[in-house]
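Take a look at the letters that make up each chain.
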Amino acid sequence: QARLVESGGGLVQPGGSLRLSCAASGFTFSRYIMRWYRQAAGKEREYVASISSSGGSTDYADSVKDRFTISRDNAKNMVYLQMNGLKPEDTADYYCYARSVGIMTEYWGQGTQVTVSS
């Protein structure tokens, strides 16, 4: 029954911004580390950002540092990825991911497409 549903993707010009959302259901959201991954066409899925279960700490891949911000709202079971200063190389399908803090369980969303092009 666990679900992660991403939204907010689309087409944006270089230098533009998008805010991705991930709605979680069917599990105890506040006990899970949340991450964003992305996968460009023909490439391996890569890590983008992570946020602790409480929202107290964050981590970013070097490629998105100072441009992307991950956040969460445990009262709403939502995770967000604010993406600023987008570059063509950010073009990918973006996936929401949940990992339990205790006994390891993982959930993946279905992905949302981000295309950065002029």
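Residues numbered from 1 in each chain as written. Predicted model: local features only at pLDDT ≥ 70, side-chain atom pairs only at ≥ 80, totals over all residues. Heavy atoms only, no water.

Q: Please clarify how the overall build of the chain should be interpreted in this entry.
A: Looking only at helices and strands, one finds zero helices and 11 strands in the chain. Mapped in sequence order, the helices and strands of the chain form the string β-β-β-β-β-β-β-β-β-β-β. Taking 2.2 N^0.38 as the reference for a compact globule, 118 residues should give roughly 13 Å; the C-alpha atoms of the chain span a radius of gyration of 14 Å, in line with that estimate. Overall size of the chain, expressed as C-alpha extent along the three principal axes, is 45 × 25 × 25 Å. By residue count, 41% of the 118 residues in the chain fall in the buried class. Nonlocal contacts in the chain, meaning residues at least 24 apart in sequence, comprise 55% of its contacts between residues at least 6 apart. Each charge class in the chain can be summarised by its mean position, and for the 13 positive and 11 negative side chains these summaries are 6 Å apart. (Helix = DSSP H or I, 4+ residues; strand = E, 2+ residues; numbered from the N terminus. Rg over C-alpha atoms; globule rule 2.2 N^0.38 Å. Buried < 20%, exposed > 50% of the residue type's maximum accessible area, 1.4 Å probe, protein only. Contact = heavy atoms within 4.5 Å. Lys, Arg positive; Asp, Glu negative; His and termini not counted. Charge placed at Lys NZ, Arg CZ, Asp CG, Glu CD.)

Q: I keep staring at the state of the cysteines and nothing clicks. Help me out?
A: The term disulfide refers to a covalent linkage connecting the sulfur atoms of a pair of cysteines. Enumeration according to the criterion identifies one disulfide in this entry. Two residues, Cys22 and Cys96, share a disulfide whose sulfurs are 2.1 Å apart. Negative torsions about the S-S bond denote left-handed disulfides, and the value of about -85° found for Cys22 with Cys96 makes this one left-handed. With Cys22 in strand β3 (residues 18–25) and Cys96 in strand β9 (residues 92–100), the pair connects residues that are 74 residues apart, well separated along the chain. As far as the burial class goes, Cys22 and Cys96 line up, both buried. (Disulfide = S-S within 2.5 Å.)

Q: Please clarify how the pattern of salt bridges should be interpreted in this entry.
A: If the charged atoms of two oppositely charged side chains come close together, the side chains can form a pair. This structure, assessed with the given rule, holds three salt bridges. With a closest N to O distance of 2.7 Å, Asp90 and Arg67 form a salt bridge. Separated by 23 residues along the polypeptide, Asp90 in the loop between β8 (78–83) and β9 and Arg67 in the loop between β6 (58–60) and β7 (68–73) bring together distant segments of the chain. Here Asp90 matches Arg67 in class, with each residue buried. Among the charged side chains, a network of salt bridges with common partners joins Arg38, Glu46, Arg67 and Asp90. (Salt bridge = Lys/Arg side-chain N within 4 Å of Asp/Glu carboxyl O.)

Q: I'm lost on the packing of aromatic side chains in this one. Help?
A: Centre distance and the angle of the planes are the two values used to describe a pair of aromatic rings. Taken as a whole and assessed by the stated rule, the structure comprises eight aromatic pairs. An angle of 50° between the planes, with centres 6.4 Å apart, marks the rings of Phe27 and Phe29 as tilted. Both residues of the pair, Phe27 and Phe29, count as buried. Through pairs of rings, three or more aromatic residues link up here, namely Phe27, Phe29, Tyr32 and Tyr107. One cation-aromatic arrangement involves Arg45 over Trp108; the distance from NZ or CZ to the ring centre is 4.7 Å. (Phe/Tyr/Trp six-rings, centres within 6.5 Å; stacked < 30°, edge-to-face > 60°. Lys NZ or Arg CZ within 6 Å of the ring centre and 35° of its normal.)

Q: I keep staring at the sheet that holds strand β1 (residues 3–7) and nothing clicks. Help me out?
A: Pairing is antiparallel across the open sheet formed by four strands, whose spatial order is β1-β3-β8-β7. The sheet terminates laterally at β1 and β7, the two strands that pair on one side only. Across the sheet, the mean angle separating the axes of adjacent strands is 15° when strand polarity is ignored. (Pairing = 2+ DSSP bridges. Axes fitted to C-alpha atoms, helices over the stretch in contact; angles between N-to-C directions.)

Q: What's the story with the nonpolar core in this structure? I'm lost.
A: Where a protein is soluble and globular, its nonpolar side chains tend to be buried together. In terms of nonpolar packing, the biggest core is built from 29 residues, with Met34, Trp36, Leu81, Met83 and Tyr94 touching the most fellow members. Every element with two or more residues in this core is listed here: β3, β4 (32–39), β5 (46–51), β7, β8, β9 and β11 (112–116). (Core = buried A, V, L, I, M, F, W, Y, C linked by side-chain atoms within 4.5 Å.)

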